[in-house]
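Summary of the model geometry
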Amino acid sequence: MPAGVTFEELRNHEIIKALISDRSDRTENTRQVSPLTSGQPIWVLSRGHDHRGGTFFDEQERVVWLVAYRRHRSGSEDDFFPYCKELDRKDRLLPTAQDYERMVRDRDGRIVRSIVIEAPLILKEARRQGTEQRAMLGGKQGACIAIEAVDDLEAITIAFKVSTIDFDLVPIVLAAFHDGAWESSERMPSRRLDPDEIAFIHIHESE
């Protein structure tokens, strides 16, 4: 397939169907491609009699990579298994630095798009309930959001768990909740910060 093809455009391919159905909740299978000089476990992904793929799970990034695909023709030189081993021999099987850069850009883009959608909904719920709201923004960024209203002013306070927040995304998260100036805060409205939390506050006229 062309290098610029999107995942959505590939969704109807048989091996992509297998990737979605078989690797969404597990990273391994019953069979590996072996032996491989890389020493990394490449798990066989099967779809019907003809379609075979190889998947690699990066534990640190928590990402499953589809690293190879070919039709399965047992005994043929063009079969998936010798093809996969040939890629390994040529050091072309595992993801490259460029692949990881693309992955990070794609993942960060999806996180940002999710945060932009989620932030107004969380603010609405915080105003409605008048209590601190806990959320995993973008499915990954842990945060606590609280709102105080006094006279004609409203204060939004957001606390992040240092262990779960990507600091590069903090300005984006804050801007999604309000595009004004934010200042650091030493507490949430109803409690002190936990030792592993940092917080920011924005005060503005009530909407």
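Refer to the structure above for everything that follows.
Not measured: the values here are computed from a predicted model. Along each chain, residue indices are assigned from 1 in the same order as the chain's sequence is written. Owing to the predicted nature of the model, reporting of local features is limited to residues with pLDDT of at least 70; listing and counting of side-chain atom pairs is limited to 80 or more, with chain, interface and lining totals taken over all residues. With hydrogens and water excluded, all non-hydrogen atoms of the structure serve as input to the side-chain values.

A few points about helix 3 (residues 80-89)
Accessible area is worked out with a 1.4 Å probe on protein chains only. A residue is then buried under 20% of its type maximum, exposed over 50%, and partly exposed in between. A run of DSSP states H or I qualifies as a helix once it reaches four residues; a run of E qualifies as a strand once it reaches two. Both are numbered from the N-terminal end. Residues of helix 3 that are buried: F80, F81, C84, L87 and D88. Buried residues of helix 3, seen end-on, are gathered within an arc of 125° and therefore sit on one face of the element. Contacts are assigned to residue pairs that have any heavy atoms within 4.5 Å of one another. Looking at the buried positions of helix 3, the neighbouring elements they touch are strand 1 (43-47), strand 2 (51-58) and strand 3 (63-71). Along the arc lie the directions from the helix axis toward the C-beta atoms.

A word on the packing of helix 4 (residues 97-129) against helix 5 (residues 170-177)
What describes two packed helices is the angle between their axes and the distance between those same axes. Between helix 4 and helix 5, the least distance of the axes is 8 Å, while the angle of their chain directions is 40°. With respect to helix 5, the element helix 4 is oriented oblique. When the axes of helix 4 and helix 5 are compared, the crossing they make is right-handed. Contacts between helix 4 and helix 5 involve V112, I115, V116, A119, I122 and L123 on the former and, on the latter, I172, V173, A176 and F177. Each residue belonging to the contact of helix 4 with helix 5 can be placed in one class, and the counts come to 10 nonpolar, no polar and no charged. Lines fitted to C-alpha atoms define the axes, with helix axes restricted to the stretch in contact, and inter-axis angles between N-to-C directions lie between 0 and 180 degrees. An angle counts as roughly parallel when it lies under 35 degrees, as roughly antiparallel when it exceeds 145, as roughly perpendicular when it falls between 65 and 115, and as oblique in every other case. Here a crossing is called left-handed whenever its near helix is offset anticlockwise from the far helix by less than a right angle, and right-handed whenever the offset is clockwise. Under the scheme applied here, ten amino acids are nonpolar (Ala, Val, Leu, Ile, Met, Phe, Trp, Tyr, Cys and Pro), four are charged (Asp, Glu, Lys and Arg), and all others, including Gly, are polar.

Quick look at unusual backbone geometry
For the peptide bond that leads from S34 to P35, omega is -5°, which places it in the cis range. Inspection of the secondary structure puts P35 in the loop between helix 2 (14-23) and strand 1. Phi is positive for R62, which is not a glycine, with a value near 60°. Topologically, R62 is positioned in the loop between strand 2 and strand 3. A positive phi angle, close to 60°, is found at D91, a residue other than glycine.

Quick word on the layout of surface pockets
Lining residues are defined by having an atom within 4 Å of a point belonging to a cavity or pocket. Those points lie on a 1 Å grid over the protein atoms alone, cavities being sets where a 1.4 Å probe fits but cannot get out and pockets being open sets with protein on both sides within 12 Å along at least five of seven lines. Grid points are joined across faces, edges and corners, and a volume is the space filled by probe spheres set on the points. Here the largest pocket defines a volume of roughly 2,000 Å³. Put simply, the parts of the chain that give the lining of the largest pocket at least two residues each are helix 1 (7-10), helix 2, strand 3, helix 3 and helix 4. Grouping the constituent residues of the lining of the largest pocket by class yields 25 nonpolar, nine polar and 11 charged.

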